[in-house]
Amino acid sequence: MCRHLAYLGPPRSPADVLFDAPHSLLRQSYAPRDMRGGGTVNADGFGLAWYPGDRPPVRYRRQCPLWTDQDLPELARSVRAEAFLAAVRNGTTGMPVTEAACAPFVEGRWSFSHNGLVRGWPDSLAALAGKLPVTDLLTLPVPTDSAVLWALLAERLRAGEDPVRAVVELVVAVARAAPDSRLNLLLTDGTVLIATAWTHSLSVLRGDDAVLVASEPTDSEPAWQPVPDRHAVIARRGSVKLIPIDAEP
């Protein structure tokens, strides 16, 4: 499993929640509170993508544990961004531990993270993945369930599909193909943030003009709201909506 978070709002340093908060992403990498039986330490890499104004996201990833990287704390403190997405990885047994396997995955203005696993991988995803263009399969950055989920979602986004619909329908399709999967997805283009809670922990903190979504609250602020299981979060600056996800036939 993994831990991830994303922010939309007035410019702030990603270091605030990656390193400085009482239960920062750094702390969640080695002392998570709510992994729900999905591993313990998130030491198989990390990544951060932030949005410099109207330009596509800038990404920084490494395959080492977050606490061993000497460069990201200083880099994150030098950045002020209105949107960013970050993740730490606990790789599923049998899947490669490489930088390419670490979220965020990016394309154009989109950044994506998957917290969880697809049960029965790779057989359970074969039928869905078989509908992808051959070139997409041949150019996957790494053979993992998360990379295939991103390929499936990216294809929908390229086709102009509504991003909320694309995320929700992907979760439903994968849940039907691979029951008992953990499918906490996180997607943003710097203006909208879409997240799902599917058999894993997720919380949201809404401010007057900002929103922070995270696998676990980064501090003891009482305004943190747990996201119910099988729900999606649709957030914009200062605006949060929760909708149920139905995977029944």
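That block above? That's the structure.
First, a word on what this report is: a plain description of the structure on this page. The numbers attached to residues start from 1 for each chain and follow its sequence in the written order. Totals for whole chains, interfaces and linings use all residues, but because this is a predicted model, local features are given only for residues with pLDDT of at least 70 and pairs of side-chain atoms are given and counted only at 80 or more. Side-chain figures throughout are based on the complete set of non-hydrogen atoms in the structure, without hydrogens or water.

## Remarks on the packing of aromatic side chains
Right, so step 1: By convention, a stacked pair of Phe, Tyr or Trp rings (six-membered ring in the case of Trp) has centres within 6.5 Å and planes under 30 degrees apart, an edge-to-face pair has planes over 60 apart, and any other such pair is tilted. Inspection of every chain in the model, using the stated rule, returns 5 aromatic pairs.
Right, so step 2: A centroid spacing of 5.2 Å and a plane angle of 25° characterise the contact between Tyr 7 and Phe 84, whose relative ring orientation is stacked. Note that Tyr 7 is positioned in strand 1 (residues 2-12) and Phe 84 in strand 4 (residues 81-89), a separation of 77 residues in sequence. Phe 84 carries the same exposure label as Tyr 7, and that label is buried.
Right, so step 3: Through pairs of rings, three or more aromatic residues link up here, namely Phe 105, Phe 112 and Trp 150.
Right, so step 4: In this analysis the charged atom, NZ for Lys or CZ for Arg, is taken to sit over a ring once it is within 6 Å of the ring centre and within 35 degrees of the ring normal. When the ring centre of Tyr 7 is taken as reference, the NZ or CZ atom of Arg 12 above it lies at 4.9 Å.
Right, so step 5: Over the face of the ring belonging to Tyr 60 we find Arg 62, whose NZ or CZ atom lies 4.3 Å from the ring centre. Strands are runs of DSSP state E lasting at least 2 residues, helices are runs of H or I lasting at least 4, and numbering of each runs from the N terminus. Burial classes follow relative accessibility: with a 1.4 Å probe on protein chains only, a residue under 20% of its type's maximum area counts as buried, one over 50% as exposed, and anything between as partly exposed.

## Quick notes on the nonpolar core
Right, so step 1: In plain words, nonpolar cores are sets of buried Ala, Val, Leu, Ile, Met, Phe, Trp, Tyr and Cys residues tied together by side-chain atoms within 4.5 Å. Ranked by size, the top nonpolar core spans 40 residues in total, and within it Phe 112, Leu 149, Trp 150, Leu 153, Val 174, Leu 183 and Leu 187 carry the most contacts.
Right, so step 2: Residues within four places of Phe 112 in sequence aside, it is in contact with Leu 85, Ala 103, Pro 104, Phe 105, Ser 146, Leu 149, Trp 150, Leu 153, Leu 185, Leu 186 and Leu 187. When checking whether two residues touch, look at their non-hydrogen atoms; a contact exists if any pair is within 4.5 Å.

## Concerning the pairing of strand 7 (residues 182-188)
Right, so step 1: Counted residue by residue, strand 7 has 7 buried out of 7 residues, so it is predominantly covered.
Right, so step 2: Burial along strand 7 is two-sided: Arg 182, Asn 184, Leu 186 and Thr 188 and Leu 183, Leu 185 and Leu 187, pointing in opposite directions, are all buried.
Right, so step 3: Pairing geometry for strand 6 (residues 110-117) and strand 7, over 7 bridges, is antiparallel. Bridge pairing in strand 7 places Ser 113 opposite Leu 186.
Right, so step 4: In this scheme, strands are said to pair when DSSP sees at least two bridges between them. One ladder, built from 3 bridges, connects strand 7 with strand 8 (residues 193-197); its direction is antiparallel. The residue of strand 8 that forms the bridge with Thr 188 is Leu 193.

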